[in-house]
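Understanding the architecture of this molecule
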Amino acid sequence: MSDRAELGEVRAALVSLPGVRDAAVHAARHALGGLRIVAHVVTRTPPAELRAALRARLPSHLVPARLHRVPHIPLLPDGRTDHPALAALTPPDPDTAPTLPEESRWAAASVPVTPQQRALLPHALAHRATGRWVQQLHWRWRGPLDTGRFTAAWQSVFAHESILRAAFDTGSGPRLVLHEHVRAEVVRHPAGSVDFDHLMERDRLRGFDLRCPGLLRLHLVDEAAPHGGSPPSVRILLTFHTLALDDFSVAVLLEEFYRAYLAGGRLPGGERRPDCRDYARWLAGQDTAPARDFWSAAAPDTAALTRPGIPGPATRTTGYGRAQTRLDAAAAARLRTWAASHAATEAGALQAVWALLLYRAGATIGPALVGFGVSVLGRGVALDFVQRLPGLLANSLPLTVRVDPGAPLARLLADLRDQALEMAAYEWVSLEQIGAWSGRPPGDELIDSLVVFEHRRRGSATLRSALAAQGISVDAPRPAGTPTVFPVTLQARRDADDGLHLSAVHDRARLADADAARLLGQCARLLRELPHLAGGAATVSDALAVLADEPPAAMACAPAATAAGAPT
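The present account deals with the structure reproduced in this document.

Procedures and definitions
Residues numbered from 1 in each chain as written. Predicted model: local features only at pLDDT ≥ 70, side-chain atom pairs only at ≥ 80, totals over all residues. Heavy atoms only, no water. Buried < 20%, exposed > 50% of the residue type's maximum accessible area, 1.4 Å probe, protein only. Helix = DSSP H or I, 4+ residues; strand = E, 2+ residues; numbered from the N terminus. Arc of directions from axis to C-beta. Core = buried A, V, L, I, M, F, W, Y, C linked by side-chain atoms within 4.5 Å. Contact = heavy atoms within 4.5 Å. Expected span 1.5 Å × (residues − 1). Polar contact = N/O pair within 3.5 Å; in protein donor to acceptor, adjacent residues only side chain to side chain. Pairing = 2+ DSSP bridges. Axes fitted to C-alpha atoms, helices over the stretch in contact; angles between N-to-C directions. Salt bridge = Lys/Arg side-chain N within 4 Å of Asp/Glu carboxyl O.

Glancing now at helix H2 (residues 47-55). Those residues of H2 not exposed but buried are Pro 47, Leu 50, Arg 51 and Leu 54. The buried side chains of H2 occupy one side of the element, clustering within an arc of 100° when seen end-on. Facing away from the buried side of H2 by more than 90 degrees, the exposed set consists of Ala 48 and Glu 49.

This is the structure we're talking about:
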């Protein structure tokens with residue numbers, strides 16, 4: 001009885017019933033040896049009512065003998081039902097529904113978390129109250145802003161993007177649970193009612209409960225009425241959790257929001273949208289053996305120099321700081337031209353300078369390996385629509401390079417470029433996996449610093465023109481100061497004037513403000529001076545000589561309680 005076609009007919013009948021969100025149907029052998037149909041249904045409708053409705057639609061032998069109500073149907077990466085996980089959700093009494101506090105917590109499916117999410121989840125749960133895993137963007141909206149239309153537009157984006165309706169099942173086998181409906185949280189504050197900086201900090205520290213969907217929210221803060229007939233201005237704060245989204249994803253979502261707002265609050269178009277289920281299926285199809293082989297050799301050796309400062313005393317401070325500086329447009333242009341002459345990019349030049357600073361802090365003689373983390377977009381994978389896929393694809397990966405004082409600086413740039421090309425095929429693994437594959441014991445950190453060159457998605461000129469036609473202009477979103485999970489994170493981005501903005505976000509328990517400023521100043525000095533060295537003949541020693549008159553930054557040892565901090 002009950003071949004696959006018949007089971008499909010039963011499921012189709014179930015999901016067509018009012019109030020049924022999803023269903024899974026299979027045949028199970030009962031105590032007497034025969035087969036019977038068992039259905040698991042995401043619904044609040046009593047099983048007796050479901051059976052009555054099914055009897056009117058199906059032959060009697062296809063009406064399920066058992067109907068279990070469950071909160072969601074867990075799926076394997078390939079889209080098939082995860083039967084062991086489904087059994088764990090099944091109540092002993094088929095007429096009993098799980099007790100949930102609100103309708104929005106009901107979900108239709110779940111998928112395994114990614115390797116990166118699995119590695120970061122325990123740390124995010126442990127540090128929820130610190131705001132450490134929260135990111136924020138803010139910008140100004142000039143012109144009319146209809147709150148209802150704004151909220152409806154975001155609600156439409158939530159409806160279309162499953163990652164915005166996702167929550168984490170934090171059990172022993174963590175999963176991403178995809179909910180059917182989640183209310184977009186948008187709050188508007190009248191002018192003068194809140195201080196924007198205070199609101200930003202309060203919202204960051206509020207954090208998110210990863211077990212509940214809706215890991216993105218917005219605040220609108222009206223500014224005082226302008227003078228001279230200028231359009232009204234509203235400051236917008238967007239807060240999101242880094243385990244659900246990365247910066248690139250938020251840029252994708254913002255484009256969708258603007259399209260929806262321009263269309264009256266409803267996202268137009270019914271085109272195919274990739275989501276986390278597509279990515280989970282792609283991950284499940286990857287052979288980890290080549291990645292294991294690559295990272296076993298490429299991960300930093302235990303003897304690699306990873307600290308950007310010489311050993312120093314305890315700082316006796318806590319919290320996070322940010323040092324900032326800038327290369328003007330002329331200096332940034334010279335750097336780009338110099339890097340291009342060596343078949344490198346600004347990002348490659350930044351990595352080379354950081355490698356020089358790590359080597360210098362190691363106070364070694366002769367060639368040595370240095371290791372640091374680099375941020376990658378994670379969107380070079382062979383998956384359709386990946387450039388439009390919202391989720392956490394950006395990753396931090398270890399990069400190891402040999403610094404030889406007698407070698408040409410051009411060779412260091414080439415080695416860094418080759419490393420980046422080789423690791424591009426394996427951007428989807430986590431630092432935790434890499435550490436295990438390289439034989440490191442748990443808690444032994446691979447890297448002490450991270451280098452980030454921000455590649456922001458360019459906004460659509462068509463959308464800007466359409467907004468302008470409605471009297472609206474919007475600034476490019478700017479990131480708020482975000483704590484780092486490394487002792488120091490070096491960030492670089494091109495600014496509106498085509499200069500290069502540099503910042504060092506640092507853990508004050510490891511790096512005092514003065515040392516962070518010194519480290520960043522030395523980085524900027526090298527970036528300015530490299531183009532003036534003797535062309536392709538310049539050596540690593542020539543570059544290091546630029547800083548001969550400056551002492552290295554000092555860096556305290558990790559406090560015993562936090563020495564095994566989280567990767568990102």
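That shown, we press on.
Glancing now at the nonpolar core. One finds Trp 141, Phe 150, Trp 154, Leu 216 and Trp 295 to be the most contacted residues of the largest nonpolar core, which totals 134 residues. Per element, the largest residue contribution to this core is 11 residues, and it comes from helix H11 (residues 346-361). Not counting chain neighbours up to four residues away, the residues in contact with Leu 216 comprise Trp 154, Phe 158, Leu 164, Phe 208, Leu 238, Thr 239, Phe 240, Leu 245 and Leu 253. Core analysis: the next-biggest nonpolar cluster, separate from the first, contains 16 residues, Leu 7, Ala 23, Leu 54 and Leu 62 among them.

Let's shift gears to helix H5 (residues 147-160). Taking 1.5 Å per residue, 14 residues should reach 20 Å; H5 reaches 20 Å between its end C-alpha atoms and fits that length. Among all positions in H5, only Phe 150, Ala 153, Trp 154, Ser 156, Val 157 and Phe 158 are buried. Where H5 is buried, its residues touch strand S6 (134-142), strand S9 (185-189), strand S10 (216-222), strand S11 (233-241) and helix H7 (247-262). By the N-cap criterion, in which a side-chain oxygen at the helix start approaches the backbone nitrogen of a residue two or three places on, H5 is capped by Asp 146, the distance to Gly 148 being 2.9 Å.

Before going further, it helps to examine the sheet that holds strand S2 (residues 35-43). Strands sit in the order S1-S2-S3 across an open sheet of 3 strands; the sheet is mixed. Looking at strand neighbours, the two that pair on one side only are strand S1 (20-29) and strand S3 (66-69), the edges of this open sheet. Shown here is a sheet whose adjacent strand axes are inclined to one another by a mean of 20°, direction ignored. Pairing between S2 and S3: 4 bridges, direction parallel. Looking at S3, one finds that His 40 is bridged to His 68. The sheet strands contacting H2 are S1, S2 and S3, and the helix crosses S3 at an angle near 130°.

One pass over the structure, following the stated rule, counts 21 salt bridges. For Arg 379, the salt bridge is made with Asp 246, and the minimal N-O distance between the two is 3.4 Å. Note that Arg 379 is positioned in the loop between strand S14 (368-376) and strand S15 (395-403) and Asp 246 in the loop between S11 and H7, a separation of 133 residues in sequence. Exposure class is identical for Arg 379 and Asp 246. Each is buried. Residue Arg 518 is joined to Asp 515 by a salt bridge in which the shortest nitrogen-to-oxygen separation is 2.7 Å. Here Arg 518 and its partner Asp 515 are both found in helix H15 (residues 513-529), 3 residues apart, which amounts to about one turn of the helix. Judged by its relative accessible area of 31%, Arg 518 is partly exposed. Residue class for Asp 515 comes out buried when judged on its relative accessible area of 14%. Via salt bridges that share partners, Glu 185, Asp 203, Arg 206 and Arg 217 belong to a single interconnected network.

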